[in-house]
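Here's the letter readout for the chains.
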Amino acid sequence: MTQVEVRERVRDAQPLALLATLAAAIGYVSVHSLRAALLLPLLPLALLLLLRPAVAVATGVALLPILRSVLGSEGGAVVVSPTDTIFALALAGLIPLLLLDETWRKRLTIVRPVLLFATPYLAWLLVVLAAHPSGHTAFKTMTAIEITVFPILLGAVAVNRRTAPWALYGFLVSAGFLAILWTGQLGTAFAGNKNAAGQYLALAILLTIILSKGRPHYLIPLPLYVVGLLYAASRGAMVAAVFGAIALLALRGLGSWRRTVAATTVLTLVVLVGYNTVPVSLQAKVAAAFSQAGDQAPPQGTPGVAGQTEVERSTAYNLTIRKAYRQDGLRLVEAHPLLGVGTGNYDTGYGPTRTIDPHNVLIRVAGEGGLPELATFLFFLGGTAGLMLKRLGSNPWAGPAIAIQVAAFTHGLVDVYFVRGVPVIGWLLVGMALNPAFDRQRDVA
C-alpha cells in the first residue's frame, strides 16, 4: 500500500472517527457527570491529537507536571493524568500508521537495540501479573510500562525535530507555573506533592542548562526554578539536581570549557542568591534537610532532642520514617523473594509507618516483582546507559539523556520514582538519542 493510499484511507476514516467520538462523549455525559461535561469541548482537540501522534507526544510531555486526575479523586487507587490520556491518544494514532505505512514500520527498527535490555524486564512484569492477577495489578503494570518503555518508543519513533522543542519548552513553561505556585505558597491542588514537584523543578533546571547551549538568554528563567525548588524543600530533588549536573559536566559539558564554566558559574550564583533571598525559616528547613543529625531521632509524638528547633525535629522525623520504610520493605522482599506481591500491591508498616511506597525504587521493584524483577530492571537501566554512551559522539541528546536519568534515579533512591514526570523525561530523551533524525546536529534543540 502506497503512502498516498494510506493518507486517503485515513482521510476517509476521519468522519467515522468523529461520529464515534461524539457518540462516546454523549454516552459519557449522559451519566450526568460534571467533569465529563466540562471535558466535552475538548473532543475536537482529542481528535486532532489522535490524528497527529507527534503533536500528542509534545502536548503530553508539556503537561507532565500536572498530575490532576481526569477520572476522579486523586486519592483513589487509579489516577489518570492529562498526560496519561494524551499518551493513550498518541498510541492509538500510532497503531494504524505502524500497521499501514511501511515507512513508519521501518522506524521501529530504531528501538531494536533497546529491546535487548527492555524485554527481560517486560517479560517478568507479565510473569508477576500472571502470578498476581487482578484489574488493579494489570493497571499498575501498564502504568510501569507507560512511564518507562513507552516514552522510549515515542522519542525514537514519534518525536521529530519540529515537535521536540515544543515538548521540552512546554515542560519548562509548566514547571515555571509550578515554581510560582510553590514560591508564592499558594497551596493550590496543582502544586502537588513537594517531592514530585521538587523533582520536576530539578529536571527543569537541568533542561534549562542543556537547552542554553549556545543560547545564554535561555538561562533567564533559571532563578525561578531554583527558588521554586528551595521552597519545595525536597532534599531528594536537590540531591538529584546536583548529581544530574555532575553527570552532565562529566560527560560532555556544554560543548566547550568556556560554556561549561559559564553555565556552572551562573548556576552557582543563582543558587547562592536564591538561598539568601528566601525567608530565614526556609533556609533553616533546607539546611536541616541535609543534616544527618536526625538519623537516630525519635518517632513523631516523642520529645525531641534538647536544643532542636521545630524544623530540625520535623526533618529528623522524616529521616526516621524513611529508615522504617526501608526496613519494612526489606522484610517484604525477604518474605516474597521470587514473585513479590504484585505490581501496585506494595503495602508495608502499621500506623504512621504504613506506606504503599518505600521511597526507594530498588526496594519498591524488588518488593512488587521479586529479586528477578530487580535484576531485570537494573539490566534495563544499565543496558540503555551503555547505548547512550555509545551514542555520545553521534547524537547530542545522548549526554542529556544520561544526566536526566541519573537525576531521576538518584531521586528514586530516596523518594517515589514511578510518578509520571520523574522518569518519563529521561526515557523520552533515551528514545531521542536513538532517533537518527537528531543525529549530527550542532545543537540539541
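Because the structure is a prediction, the values reported are computed rather than measured.

K.L.:
Could you clarify how one ought to interpret the overall build of the chain in this entry?
P.N.:
Of regular secondary structure, the chain possesses 19 helices and zero strands. Burial analysis of the chain (445 residues in total) assigns 49% to the buried set. In the chain, once contacts between residues fewer than 6 apart in sequence are set aside, the share between residues at least 24 apart is 74%. In the structure as shown, the chain presents an accessible area of about 20800 Å², 68% of it carried by carbon and sulfur atoms.

K.L.:
Just checking my understanding: could you explain a nonpolar patch on the surface for this structure?
P.N.:
On the surface, Leu91, Ile95, Leu99 and Leu100 cluster together into a nonpolar patch covering about 350 Å² of accessible area. Within the fold, Leu99 resides in helix H5 (residues 82-100). According to the relative accessible area criterion, Leu99 is exposed, its value standing at 62%.

K.L.:
What is the right way to look at unusual backbone geometry in this model?
P.N.:
Most peptide bonds take the trans configuration, and most residues that are not glycine carry a negative phi. In this model, His359 sits at a positive phi of 60°, which is unusual for a non-glycine residue. Tracing the backbone through its elements, the reader meets His359 in the loop between helix H16 (310-335) and helix H17 (361-390).

K.L.:
Is there a simple way to think about the side chain of Thr141 in this case?
P.N.:
Its location among the elements puts Thr141 in helix H8 (residues 135-146). Overall, Thr141 belongs to the buried group, its relative accessible area being 2%. A polar contact is formed between the side chain of Thr141 and the backbone oxygen of Thr137, at a distance of 2.7 Å.

K.L.:
What's the story with the environment of Leu392 in this structure? I'm lost.
P.N.:
When you line up the elements, Leu392 lands in the loop between H17 and helix H18 (398-412). Take Leu392: its relative accessible area is 16%, and that puts it in the buried class. Sequence separation between Leu392 and Ile402 is ten residues, and the spatial gap between their C-alpha atoms is 9.8 Å.

K.L.:
Just checking my understanding: could you explain helix H4 (residues 53-62) for this structure?
P.N.:
Turn by turn, an α-helix covers 3.6 residues, leaving residues three or four places apart pointing in a common direction. Counted residue by residue, H4 has eight buried out of ten residues, so it is predominantly covered. Turning to H4, its buried residues are Pro53, Ala54, Ala56, Val57, Ala58, Gly60, Val61 and Ala62.

K.L.:
Got a minute to help me understand helix H12 (residues 222-232) in this structure?
P.N.:
Burial within H12 is extensive, with nine of its eleven residues counted as buried. In the segment just after H12, Ala233 is the residue with positive phi, at about 55°.

K.L.:
How should I be thinking about the packing of aromatic side chains in this particular structure?
P.N.:
Taken as a whole and assessed by the stated rule, the structure comprises nine aromatic pairs. With a centroid separation of 5.5 Å and 55° between ring planes, the pair formed by Tyr121 and Phe377 is classed as tilted. You can see Tyr121 sitting in helix H7 (residues 112-131) and its partner Phe377 sitting in helix H17, a full 256 residues away along the chain. On the basis of relative accessibility, which here comes to 1%, the residue Tyr121 falls in the buried class. Here the aromatic rings of Tyr121 and Phe380 are separated by 5.8 Å at their centres, their planes lie at 20°, and the arrangement is stacked. With Tyr121 in helix H7 and Phe380 in helix H17, this pair connects stretches of sequence that are 259 residues apart.

K.L.:
Explanation requested: the side chain of Gln199 in the structure shown.
P.N.:
Position of Gln199 among the secondary structure elements: in helix H11 (residues 194-211). Since its relative accessible area comes to 0%, Gln199 is described here as buried. When sequence neighbours within four positions are dropped, the list of residues in contact with Gln199 reads Ala237, Ala240, Ala407, Ala408, His411 and Val422.

K.L.:
I tried to follow the nonpolar core on my own but got confused; where do I start?
P.N.:
Nonpolar side chains tend to gather and get buried jointly when the protein is soluble and globular. By size, the foremost hydrophobic cluster in this structure holds 102 residues, and its most contacted members are Val61, Phe171, Phe380, Trp397, Phe418 and Ile425. No other element matches the 13 residues that H11 contributes to this core.

K.L.:
Just to check I follow, could you spell out the pattern of salt bridges for this structure?
P.N.:
Pairs can form between side chains of opposite charge whenever their charged atoms are close. In the structure shown here, the tally under the stated rule is five salt bridges. Here Asp328 ties to Arg331 by a salt bridge, and the two come within 2.4 Å at their closest N and O atoms. Separated by three residues within a single helix, Asp328 and Arg331 lie in helix H16, roughly one turn from each other. Residue classification places Asp328 among the buried residues on the basis of a relative accessible area of 14%. The residue Asp347 makes a salt bridge to Arg354 at a minimum N-O spacing of 2.7 Å. On the basis of relative accessibility, which here comes to 37%, the residue Asp347 falls in the partly exposed class. Look at Arg354 and you get exposed, because its relative accessible area is 53%. Taken together, the shared-partner salt bridges connect Asp357, Arg364 and Glu368 into one network.

K.L.:
Would you mind showing me how to read the packing of H11 against helix H13 (residues 235-251) here?
P.N.:
How two helices sit against one another is set out by the angle between their axes and by the gap between those axes. At a minimum axis distance of 8 Å, the contact between H11 and H13 shows a crossing angle of 20°. One finds that H11 runs roughly parallel with respect to H13. For the pair H11 and H13, the crossing hand works out as right-handed. In this structure, H11 contributes Gly198, Gln199, Ala202, Leu206, Ile209 and Ile210 to the contact, and H13 contributes Ala237, Ala240, Ala241, Gly244, Ala245 and Leu248. A breakdown of the residues in the contact of H11 with H13 according to their chemical character gives nine nonpolar, three polar and no charged.

K.L.:
Any chance you could explain the confidence of the model for the chain here in plain terms?
P.N.:
Do not read the predicted coordinates in detail wherever pLDDT is low. With 68% of its residues at a pLDDT of 70 or more, the chain shows a mean pLDDT of 77. Mean pLDDT across the secondary structure elements of the chain bottoms out at helix H15 (residues 280-289), with 52, and peaks at H17, with 95. In this model residues 72-77 is a low-confidence stretch, pLDDT under 50, and it forms eight contacts with partners more than four residues away in sequence or in other chains. Counted against residues more than four places away or in other chains, residues 292-306, with its pLDDT under 50, gives 16 contacts.

Conventions adopted
- Residues numbered from 1 in each chain as written.
- Predicted model: local features only at pLDDT ≥ 70, side-chain atom pairs only at ≥ 80, totals over all residues.
- Heavy atoms only, no water.
- Helix = DSSP H or I, 4+ residues; strand = E, 2+ residues; numbered from the N terminus.
- Buried < 20%, exposed > 50% of the residue type's maximum accessible area, 1.4 Å probe, protein only.
- Contact = heavy atoms within 4.5 Å.
- Areas by Shrake-Rupley, 256 points an atom, 1.4 Å probe, with all protein chains shown as cover.
- Patch = residues over 30% accessible without salt bridge, like charges linked within 9 Å, V, L, I, M, F, W, Y side chains within 5 Å.
- Salt bridge = Lys/Arg side-chain N within 4 Å of Asp/Glu carboxyl O.
- Polar contact = N/O pair within 3.5 Å; in protein donor to acceptor, adjacent residues only side chain to side chain.
- Phe/Tyr/Trp six-rings, centres within 6.5 Å; stacked < 30°, edge-to-face > 60°.
- Core = buried A, V, L, I, M, F, W, Y, C linked by side-chain atoms within 4.5 Å.
- Axes fitted to C-alpha atoms, helices over the stretch in contact; angles between N-to-C directions.
- Parallel < 35°, antiparallel > 145°, perpendicular 65-115°, else oblique.
- Left-handed = near helix turned anticlockwise from the far one by under 90°.
- Nonpolar A, V, L, I, M, F, W, Y, C, P; charged D, E, K, R; others polar.
- pLDDT = per-residue confidence, 0-100.

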